[in-house]
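# Architecture at a glance
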Amino acid sequence: MNINFTKEVQKHKEDLLKDLFELLSVRSILGTDITEEAPFGSGPRKALDLILSYGERDGYKTKLVENKAGHIEAGEGEDLFGILGHVDVVPVVESDWVSHPFKPEIREGKIFARGVLDDKGPTMAAYYAVKLLDKLGVKWNKRVRIIVGSDEETGFRCVKSYFEHEEQPSLGFTPDAMFPLVYAEKARATFDHKLIFQEGNNNADYKLLSFEGGQVLNMVVASAKAKLCGVANDIEDKFAKFLSNEKLEGTINIAEEIEIELKGKAAHGSTPHLGINAGTKLAEFLNTLSLDINGKNYVEHIVTRLANDPFGEKLGLNYSDDEMGAATYNYGILKYDAKERVATVSVDCRYPKNFDLITKLSNLKENYINIEVTSNKEAHYVPKDDELVTTLVDVYRKYTGDTKNEAFVLGGGTYARCLKKGVAFGALLPGREDTMHQANEYILIEDLLLATAIYAEGIYKLCCE
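Owing to the predicted nature of the structure, the values given are computational and were not obtained by experimental measurement.

### Describing the environment of T344
Tracing the backbone through its elements, the reader meets T344 in strand β18 (residues 342-351). The buried category is assigned to T344, whose relative accessible area is 12%. As for T344 and L334, which are separated by 10 residues in sequence, their C-alpha atoms are 5.9 Å apart. Once residues within four sequence positions are removed from consideration, T344 is found in contact with H193, K194, Y298, I333, L334 and K335.

As structure tokens, then:
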């Protein structure tokens with residue numbers, strides 16, 4: 001079949017945008033309203049049900065698995081090709097958005113909404129690519145499943161449960177990264193710096209009562225808050241001067257307790273150097289004050305061993321190689337509670353497969369700090385010369401004319417690592433602004449349609465005769 005996929009995508013443009021806008025309107029952040037029917041909250045479950053309803057409407061086989069994930073299946077054949085996307089999204093700070101994050105809006109040819117780039121937009125592009133092919137009456141040689149998760153941003157529990165019950169595809173891709181293609185992903189570990197509380201009083205001016213920053217590990221902390229008690233003195237002037245010097249925004253409220261809030265800049269946890277960590281910045285300010293012994297030990301550790309160090313140099317955890325690049329460290333959740341005697345900094349590390357991070361961590365000795373590893377996942381790798389990689393990259397080059405950019409290694413962890421042979425394929429184009437996990441997330445409509453055409457031809461070459 002000789003198919004002009006660019007023209008075919010245009011025929012489906014209005015329906016694609018209509019469905020996508022409906023999906024983007026669902027506030028599918030991990031919820032607290034956890035039930036057996038909604039294991040990750042009502043928002044993610046609603047989004048999952050909605051995308052599966054599109055498959056039912058269009059006449060495909062659909063299945064909900066454990067209320068956590070599901071699939072839409074087209075095609076025929078013994079082999080199964082998987083396309084893994086997700087409908088859950090990271091939290092938002094609504095005041096940082098120009099338009100409402102869950103009321104999608106088009107401005108200057110761009111769709112703005114939380115999840116439009118990560119990953120509702122690309123998932124819908126992949127679904128419409130399969131739908132487009134099927135409506136054209138192509139001859140399938142594989143079954144194709146759009147497998148949709150609802151907990152990608154907070155643990156992959158959705159696909160773990162899915163593959164405990166369902167067939168594992170022999171190969172596939174996830175539309176949840178960048179073009180040209182991601183053939184390998186760094187290993188990922190999470191670990192906590194935990195304060196060992198001390199007894200005693202150092203006659204300080206202030207006592208740190210609480211400190212909070214971050215909601216999810218894989219996102220640079222965009223906002224952090226602290227509460228203190230003590231004599232105010234000139235703390236307002238000090239904070240104003242700090243904000244001015246750092247070119248940051250924040251507020252301070254002095255009442256019975258002193259409440260301080262500082263704003264940073266969000267970024268994906270795999271690229272912490274592209275953000276401004278509000279938590280470590282607030283610790284830098286607090287470290288200039290006379291604090292109680294435990295508050296001082298907590299913020300001093302952050303400032304001297306973690307702050308402004310996304311590559312782990314201060315702790316001797318830096319590592320880089322030619323293929324997988326550098327190990328990165330995102331200090332994604334900071335929590336201090338004097339009453340409960342809890343004080344942690346939770347870290348999300350992405351590191352090359354040849355780096356023995358866990359041994360390095362076990363050998364670290366820090367004053368007043370214990371380091372505890374909470375998870376560790378191996379790197380994912382598909383050879384660059386594998387047919388899956390070369391076929392998809394060739395299709396990408398055909399539609400973009402880009403012969404400069406090569407398939408690469410990603411720090412972020414995607415569903416590709418859940419497949420026997422899986423890669424991450426689009427949808428962010430080289431040179432485009434990456435707004436995943438950030439305020440005012442967007443995708444260009446022309447890029448969304450281009451990605452749909454690329455996916456359609458890629459799937460055609462791999463799954464049709």
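### Structural notes on the packing of helix α9 (residues 387-400) against helix α10 (residues 445-463)
One way to put it is that α9 packs onto α10 with a least axis distance of 9 Å and a crossing angle of 140°. The angle between the axes of α9 and α10 places the two elements in the oblique class. Crossing of α9 against α10: the hand is right-handed. On α10, the residues that touch L388, T391, L392, V395, Y396, K398, Y399 and T400 of α9 are L450, A453, I454, E457, G458, K461 and L462. A breakdown of the residues in the contact of α9 with α10 according to their chemical character gives 9 nonpolar, 3 polar and 3 charged.

### Notes on the sheet that holds strand β13 (residues 249-254)
Sheets are built from strands that pair by backbone hydrogen bonding, the pairs being arranged parallel or antiparallel. Pairing is antiparallel in the open sheet, where 8 strands are placed in the order β13-β14-β12-β11-β17-β18-β10-β19. A single partner strand is all that each edge strand has here, and the edge strands are β13 and β19 (369-377). This sheet shows a mean twist of 20° between the axes of neighbouring strands, independent of strand direction. Note that strand β17 (residues 328-337) and β18 share 9 bridges and pair antiparallel. Looking at β18, one finds that D337 is bridged to V342. Taken strand by strand, helix α7 (residues 293-305) contacts β10 (187-195), β11 (206-213), β17, β18 and β19, and its axis lies near 170° from that of β17.

### Here's the deal with the packing of aromatic side chains
Applying the stated criterion across every chain yields a total of 22 aromatic pairs. Summarising the aromatic geometry, the rings of Y162 and F163 are spaced 5.1 Å apart at their centres and angled 85° between planes, so their arrangement reads as edge-to-face. Here F191 and Y329 contribute two aromatic rings whose centre-to-centre distance is 6.5 Å and whose plane-to-plane angle is 70°, an arrangement assigned as edge-to-face. Taken together, the residues F191 in strand β10 and Y329 in strand β17 connect sequence positions 138 residues apart. Assessed through its relative accessible area of 2%, Y329 is described here as buried. Among the aromatic residues, ring-to-ring pairing joins F81, F173, F179, Y396, F425 and Y455 into one connected group. A cation over an aromatic ring shows up here: K110 above the ring of Y442, its NZ or CZ 4.5 Å from the ring centre. In this structure, K377 is placed above the aromatic ring of F156, and the distance from its NZ or CZ to the ring centre is 4.8 Å.

### Observations concerning the pattern of salt bridges
Counted under the stated rule, the structure contains 31 salt bridges. In this structure, the salt-bridge partner of D58 is R57, at a minimum N-O distance of 3.0 Å. Exposure remark for D58: the relative accessible area of 13% places this residue in the buried category. On the basis of relative accessibility, which here comes to 44%, the residue R57 falls in the partly exposed class. Here D151 and R157 are joined by a salt bridge, their closest N and O atoms 2.8 Å apart. Taking relative accessible area as the criterion, D151 reaches 0% and is therefore assigned buried. Judged by its relative accessible area of 39%, R157 is partly exposed. Sharing partners across several salt bridges, the network here consists of D19, R57, D58 and K131.

### A closer look at helix α1 (residues 5-24)
H12 marks the point of greatest bend in α1, at about 55°. Taken as a whole, α1 has its buried residues at F5, E8, V9, H12, L16, L17, D19, L20, L23 and L24. Where the residues of α1 are buried, they touch α2 (42-57), β5 (110-112), α3 (120-135), α9 and α10. For α1, the side-chain oxygen to backbone nitrogen distance between the N-cap and T6 is 3.3 Å, and the N-cap itself is N4.

### A few points about the sheet that holds strand β4 (residues 105-107)
Reading across the sheet, the 3 strands line up as β4-β5-β24 and stay open at both edges, with antiparallel pairing between neighbours. A strand with exactly one partner marks an edge of an open sheet, and here the two such strands are β4 and β24 (442-444). Sheet twist, expressed as the mean angle between neighbouring strand axes with direction ignored, is 30°. In this sheet, β24 lies alongside β5 in antiparallel orientation, the contact comprising 3 bridges. Residue K110 lies in a different strand from β24, and its bridge partner there is L444. Those strands touched by α1 are β4 and β5, and its axis lies near 25° from that of β5. Contacts between α10 and the sheet are confined to β4, β5 and β24, with β24 contributing the most and set at about 70° to the helix.

How each quantity is defined
- Residues numbered from 1 in each chain as written.
- Predicted model: local features only at pLDDT ≥ 70, side-chain atom pairs only at ≥ 80, totals over all residues.
- Heavy atoms only, no water.
- Helix = DSSP H or I, 4+ residues; strand = E, 2+ residues; numbered from the N terminus.
- Buried < 20%, exposed > 50% of the residue type's maximum accessible area, 1.4 Å probe, protein only.
- Contact = heavy atoms within 4.5 Å.
- Axes fitted to C-alpha atoms, helices over the stretch in contact; angles between N-to-C directions.
- Parallel < 35°, antiparallel > 145°, perpendicular 65-115°, else oblique.
- Left-handed = near helix turned anticlockwise from the far one by under 90°.
- Nonpolar A, V, L, I, M, F, W, Y, C, P; charged D, E, K, R; others polar.
- Pairing = 2+ DSSP bridges.
- Phe/Tyr/Trp six-rings, centres within 6.5 Å; stacked < 30°, edge-to-face > 60°.
- Lys NZ or Arg CZ within 6 Å of the ring centre and 35° of its normal.
- Salt bridge = Lys/Arg side-chain N within 4 Å of Asp/Glu carboxyl O.
- Bend = angle between axes of the 7 residues up to and from the residue.
- Polar contact = N/O pair within 3.5 Å; in protein donor to acceptor, adjacent residues only side chain to side chain.

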